[in-house]
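Structural overview for review
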Amino acid sequence: LGRLHPECEFIFQLKKDQQRCLKEIAENGNHTTEGLSCSQPRAAALEDDAAPGSFQASPQAPGQSTGVAGCEQTWDAVVCWPLATVGETVNVTCPPVFSYLMKNPGTVSRNCTINGWSNPFPPYYLACTIEDEIPVERESYFATVKVIYTVGYGASIFSLTTAMIILLMFRSLHCARNYVHIQLFASFILRAVAVFIKDASLFASDETEHCTFSTGGCKAAVVLCHYCVMTNFFWLLVEALYLNSLLFSFFHRGRKYFRWFVLLGWGVPTICIIAWIISRMYFEDTECWDVNEISSFWWIIKGPIVVSIGVNFILFINIIRILIQKLDPQLIQFNNSSQYR
């Protein structure tokens, strides 16, 4: 969930480059951006450069030309051009972010004239060519992956729901062990359902601008997905704790300990999710909360999951150790070991 699609990475990186450039310009006392306002879409600038024959020097923008001093630093919606003297030709490569969408970024040049910066040559649409459409092979790959995980999650929902119904219908199966299993099954089912809900909210239409799309519904879907993933990992941890408790024979009052297991499986993820929601609302309320630009807040969710995986691994090793000891006839009496053979 924290990973960016290459197209979104491209857009967000350009935004960061723009903010960094404008900050440098402001610090240097230059408040112009070569006739392009901060809110002008980058695509419009690329279309302007795409017009054939656009190699003439651009008209002088206010504050762009400094006469004898040269050309001031400016942002042209793609590249941050540095200070230059009159007659100087500045060569820059396409921004590194273009490497997400193309293999060999080209080079763009501009002349500093007495009238200011000239238009880029070659124009961006030639030097920094990107594919507007996803290749058929890649599009087919994405469609295949979606079909596979849709069928897989659907089969999981059906089989786990059937298992839960069986465990709940027969009173002879009602025990602490099966209660833990039911909670784990429920977390798997919720995780699969949450993935379907998130896909329906974020990718319901091909016309939706996924990188900048932001609604209350899509944010709720992302929150639900994160919560279900966390509960799934924590109930796996509960299963490991329960099995260890059986092997150590200290799980006597099942219902008493089961309450603590419920708090661990459902309560801890709830607290973490609430903390993450508050941090997103006040510090990173962007898009649908599916992009994590500030990694420190993302650790509110990722940290507990990593810890649960680590503890689960330690408990797994401990379970293996105990089982090996119980199956070793040298550590127990022969008459007791025969039942394990």
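Residues numbered from 1 in each chain as written. Predicted model: local features only at pLDDT ≥ 70, side-chain atom pairs only at ≥ 80, totals over all residues. Heavy atoms only, no water.

**Thoughts on the overall build of the protein chain**
Definition in use: The helix count covers DSSP runs of H or I at least four residues long, the strand count covers runs of E at least two residues long, and both are numbered beginning at the N terminus. Note on classification: 1.4 Å probe, protein chains only; a residue is buried when its accessible area is under 20% of the maximum for its type, exposed when over 50%, partly exposed between these limits. Only heavy atoms matter for contacts: two residues are in contact if any of them lie within 4.5 Å across the pair. Values of accessible area rely on a 1.4 Å probe in the Shrake-Rupley scheme; residue burial ignores everything except the protein chains shown.
Secondary structure assignment for the protein chain yields nine helices and five strands. Helices (α) and strands (β) of the protein chain occur, in sequence order from the N terminus, as α-α-β-β-β-β-β-α-α-α-α-α-α-α. For the protein chain, the proportion of its 341 residues judged to be buried stands at 38%. Of all intrachain contacts in the protein chain linking residues separated by at least 6 positions in sequence, the fraction that spans at least 24 positions is 65%. Of the roughly 19800 Å² of accessible surface on the protein chain, a fraction of 63% belongs to carbon and sulfur atoms.

**Let's talk about the side chain of Ser308**
Condition: Definition of a polar contact: a pair of N or O atoms within 3.5 Å, with one able to donate and the other able to accept a hydrogen when the atoms are protein atoms, and with sequence-neighbouring residues admitted only if both atoms are side-chain atoms.
Tracing the backbone through its elements, the reader meets Ser308 in helix H8 (residues 295-326). Among the polar contacts listed, one links the side chain of Ser308 to the backbone oxygen of Ile305, at a separation of 2.7 Å.

**Concerning the pairing of strand S4 (residues 107-113)**
The side chains of a regular strand alternate, first on one face of the sheet and then on the other. As a reminder, the rule being used: Here, a strand pair is defined by DSSP locating no fewer than two bridges between the strands.
With five bridges connecting them, strand S3 (residues 89-93) and S4 associate as antiparallel partners. Each residue of the ladder has a partner; that of Asn91, found in S4, is Ser109. With two bridges joining them, S4 and strand S5 (residues 116-117) adopt antiparallel strand pairing. Following the sheet pairing, Cys112 is matched in S5 by Trp117. In this antiparallel pair of consecutive strands, S4 and S5, the connection spans two residues.

**Some thoughts on the UniProt feature "transmembrane region" (unreviewed entry) in the protein chain**
We count it as follows: UniProt positions are given in the numbering used here, feature names are shortened, and annotations may be inferred rather than shown by experiment.
In this numbering, the UniProt entry assigns the feature "transmembrane region" (unreviewed entry) to residues 147-170, 179-197, 233-251, 258-278 and 298-324. Secondary structure across residues 147-170 comprises 96% helix and 0% strand; the distance between its end C-alpha atoms is 35 Å. For residues 258-278, the helix share is 100%, the strand share is 0%, and the end-to-end C-alpha distance is 30 Å.

**Considering the state of the cysteines**
Applicable threshold: Only a pair of cysteine sulfur atoms within 2.5 Å counts as a disulfide in this structure description.
Evaluation of the coordinates by the stated rule reveals three disulfides. Through a disulfide, Cys218 is tied to Cys288; the S-S separation comes to 1.8 Å. What sets the handedness of the Cys218 and Cys288 disulfide is the S-S torsion sign, and at about -90° it is left-handed. With Cys218 in helix H6 (residues 216-248) and Cys288 in the loop between helix H7 (254-283) and H8, this pair connects stretches of sequence that are 70 residues apart. Given a relative accessible area of 1%, Cys218 falls into the buried group.

**Topic: the pattern of salt bridges**
Quick note on the threshold: The term salt bridge refers to a pairing of a side-chain nitrogen on Lys or Arg with a carboxyl oxygen on Asp or Glu at a separation within 4 Å.
Taken as a whole and assessed by the stated rule, the structure comprises three salt bridges. Ionic pairing is found between Asp76 and Arg110, a salt bridge with its closest N-O pair at 3.6 Å. Of this pair, Asp76 sits in the loop between strand S1 (74-75) and strand S2 (80-81) while Arg110 sits in strand S4, and the two are 34 residues apart along the sequence. For the pair Asp76 and Arg110, one class covers both residues: buried. Between Lys198 and Asp199 there is a salt bridge, with its nearest N and O atoms 3.8 Å apart.

**Notes on the sheet that holds S3**
Strand order in this open sheet of three strands is S3-S4-S5, and the pairing throughout is antiparallel. The sheet is open, and its two edges are formed by S3 and S5, each paired on a single side.

**As for unusual backbone geometry**
A cis amide bond, omega -10°, links Phe121 with the succeeding residue Pro122. Counting through the fold element by element, Pro122 comes out in the loop between S5 and helix H3 (124-127).

**A word on the packing of H6 against H8**
Where we set the bar: In this analysis, axes come from line fits to C-alpha atoms, helices being fitted only over the stretch in contact, and the angle between any two N-to-C directions falls in the range 0 to 180 degrees. Put simply, angles under 35 degrees are roughly parallel, angles over 145 are roughly antiparallel, angles from 65 to 115 are roughly perpendicular, and the rest are oblique. Less than a right angle of anticlockwise turn of the near helix away from the far helix marks a crossing as left-handed, whereas a clockwise turn marks it as right-handed. Only Asp, Glu, Lys and Arg are considered charged in this grouping, and only Ala, Val, Leu, Ile, Met, Phe, Trp, Tyr, Cys and Pro are considered nonpolar; every other residue, Gly among them, is considered polar.
Between H6 and H8, the shortest axis-to-axis distance is 9 Å and the interhelical angle comes to 25°. As the angle between them shows, H6 and H8 are arranged roughly parallel. Regarding H6 and H8, the two cross each other, and that crossing is left-handed. Looking at side-chain class alone, the contact of H6 with H8 contains 21 nonpolar, five polar and two charged residues.

**Some details on a nonpolar patch on the surface**
Just so we agree on the cut-off: Only residues above 30% relative accessible area that lack a salt bridge enter a patch, with like-charged residues linked at up to 9 Å and the nonpolar side chains Val, Leu, Ile, Met, Phe, Trp and Tyr linked at up to 5 Å.
On the surface, a nonpolar cluster with roughly 690 Å² of combined accessible area is contributed by Phe313, Ile314, Phe316, Ile317, Ile320, Leu323 and Ile324. Assignment of secondary structure puts Ile317 in helix H8. Classification of Ile317 by relative accessible area gives partly exposed; the value is 43%.

**Things to note about H8**
Note the following rule: Multiplying 1.5 Å by the helix residue count minus one yields the expected span of that helix. We define the bend at each residue as the angle formed by axes fitted to the 7 residues ending at it and the 7 residues starting at it.
Between its first and last C-alpha atoms H8 spans 45 Å; for 32 residues at 1.5 Å apiece the expected length is 46 Å, and the two agree. Of all the bends in H8, the greatest, near 45°, is centred on Ile301, and the proline Pro304 appears no more than four residues after it. Residues Phe297, Trp298, Ile301, Gly303, Pro304, Ile305, Ser308, Asn312, Leu315, Asn318, Ile319 and Ile322 constitute the buried set of H8.

**Considering the packing of helix H5 (residues 176-202) against H6**
At a minimum axis distance of 8 Å, the contact between H5 and H6 shows a crossing angle of 155°. Here H6 runs roughly antiparallel to H5, going by the angle between their axes. Considering how the two elements wind past one another, H5 and H6 form a crossing that is left-handed. Across the contact of H5 with H6, the residue classes tally to 21 nonpolar, seven polar and four charged.

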